[in-house]
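# Architecture and fold: a report
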Amino acid sequence: MNETTPAAVAQSPAPRRSPEVPGDGEPRPASGPAPTITRRLAELLQGQGVLAVLLTVVIAASFVYPTFATLDNARGVTVQASFLAVVALGMTMVVITGGIDLSVGSVFALGGVLAAWASQGGLLPALLVPLVVCGAIGLLNGLLIARAAMAPFIVTLATLLAARGILLALTDEGATTYLVPKGSAFAELGQGSIGGFGHPVLIALVLFGAGGLLLQRTSFGQSLFAIGGSSDAAALMGLPVARTKLLVYTLSGLLAGLAGALNAARLSSGVTIVGVGMELDAISAVVIGGTLLVGGAGSISGTLWGVLLLAVIQNLINQIGSLNSSYQSVVSGGFLIVVVVAQRWLARGRRTS
């Protein structure tokens, strides 16, 4: 009897696959470089297509509105966008894992009120108090989602309401407004500038640089993509799924609280009505930037371009003058629909190539 040893099996050549034959009986042509080019183009458009749109809008607006292409206007746009950018940075990481955080708008407002209240004690309390409280809210989100396996939508909707309730309790239903001492170091943090650009802009850029390195150059960042692709598969690979989700939601709360503190320093007060709908703006910026809502794909740079695109749209509406700010929601919603449809089309093209 002839026996086949394991070594012989290992050394035997792999069987050749015959070409697939379609229904007409003709051999299917071998795939050439075209599918690869198509796939790479789809990846490029999904990741950086928003940058091309942003540049097109900026160039067109510069010709139509002379006041748009001024340094003062650029400074104003970037400062206004910096607060949303910090919130959207945390949202990007949450969405990459396949989650959602609806609490960031209320946490942003709560962080501003806490910072203004604590600013009487100096710069350090004005930053630590909102970070501790807002980070604790993010930690609670992470515990309920990662450890108790509750739905992110439900959990963060509950903490949205809870954070807004705490804010109203601290301000006597909005009747009390805490003011930041004029000329304090905390006020300078929000109102000062370097090279003509405000401190919030520079802080946002530093955070985005750190976020990009974290996402692309660390095992933690790669774990986010793996969890977003398939949480069960990531667990089978030995990745700390629960701990990673807990850290991501905590980071989202911390960044929302920091953005609220910077906004309070900029306005010199803890305004209670800010942050309404900010979670939707953050999600819009993230998705417009190319991050998939189902998770598993996204980029920090894309989110930055998405935030700037929304800020430019708002600025253009102000430049027109005859339109009110509500039109920004209409335009942003239109952009969001187009981007989501484009993402589905690009993803389908990548699968078939």
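Heads up: the structure comes first, above all this text.
Here we summarise the structure given alongside this text. (Residues numbered from 1 in each chain as written. Predicted model: local features only at pLDDT ≥ 70, side-chain atom pairs only at ≥ 80, totals over all residues. Heavy atoms only, no water.)

## With respect to the overall build of the protein
Each helix and strand counted, the protein has 14 helices and two strands in total. Burial statistics for the protein: of 353 residues in total, 42% are counted as buried. Of all intrachain contacts in the protein linking residues separated by at least 6 positions in sequence, the fraction that spans at least 24 positions is 76%. Surface accessibility of the protein: about 18100 Å² in total, with carbon and sulfur atoms responsible for 66%. (Helix = DSSP H or I, 4+ residues; strand = E, 2+ residues; numbered from the N terminus. Buried < 20%, exposed > 50% of the residue type's maximum accessible area, 1.4 Å probe, protein only. Contact = heavy atoms within 4.5 Å. Areas by Shrake-Rupley, 256 points an atom, 1.4 Å probe, with all protein chains shown as cover.)

## Section: the pattern of salt bridges
Within the structure shown, the criterion is met by one salt bridge. For Arg-75, the salt bridge identified is with Asp-72, shortest N-O distance 3.4 Å. You can see Arg-75 and its partner Asp-72 sitting in helix α3 (residues 71–96), three residues apart, about one turn around the helix. The exposure class of Arg-75 is partly exposed, given its relative accessible area of 24%. On the basis of relative accessibility, which here comes to 58%, the residue Asp-72 falls in the exposed class. (Salt bridge = Lys/Arg side-chain N within 4 Å of Asp/Glu carboxyl O.)

## Regarding the environment of Leu-215
With respect to the element layout, Leu-215 can be found in helix α8 (residues 199–217). Note: C-alpha distance between Leu-215 and Met-93 (122 residues apart in sequence) is 8.2 Å. Not counting the four nearest positions on each side in its chain, Leu-215 is found in contact with Ile-96, Gly-221, Gln-222, Leu-224, Phe-225 and Ile-300.

## Some words on the packing of α3 against helix α13 (residues 300–320)
The N-to-C vectors of α3 and α13 enclose an angle of 140°; their axes lie 8 Å apart at closest approach. Overall, the two elements α3 and α13 adopt an arrangement that is oblique. The crossing of α3 and α13 is right-handed. Touching Asn-73, Val-77, Ala-81, Leu-84, Ala-85, Ala-88, Leu-89, Thr-92 and Met-93 of α3 are Ile-300, Thr-303, Val-307, Leu-308, Leu-310, Ala-311, Val-312, Asn-315 and Gln-319, all from α13. When its residues are assigned to classes, the contact of α3 with α13 shows 13 nonpolar, five polar and no charged. (Axes fitted to C-alpha atoms, helices over the stretch in contact; angles between N-to-C directions. Parallel < 35°, antiparallel > 145°, perpendicular 65-115°, else oblique. Left-handed = near helix turned anticlockwise from the far one by under 90°. Nonpolar A, V, L, I, M, F, W, Y, C, P; charged D, E, K, R; others polar.)

## Topic: the nonpolar core
Ranked by internal contacts, the top residues of the largest apolar core, which has 76 residues, are Val-87, Met-91, Phe-108, Phe-186 and Val-307. The leading source of residues in this core is α3, at 15 residues. For Val-307, the residues in contact, after removing those within four places along its chain, are Ala-81, Leu-84, Ala-85, Ala-88 and Ala-285. (Core = buried A, V, L, I, M, F, W, Y, C linked by side-chain atoms within 4.5 Å.)

## Section: the packing of α8 against α13
Between α8 and α13, the least distance of the axes is 9 Å, while the angle of their chain directions is 145°. Contacts between α8 and α13 involve Phe-208, Gly-211, Gly-212 and Leu-215 from the former and Ile-300, Thr-303 and Leu-304 from the latter. In terms of residue class, the contact of α8 with α13 is built from four nonpolar, three polar and no charged.

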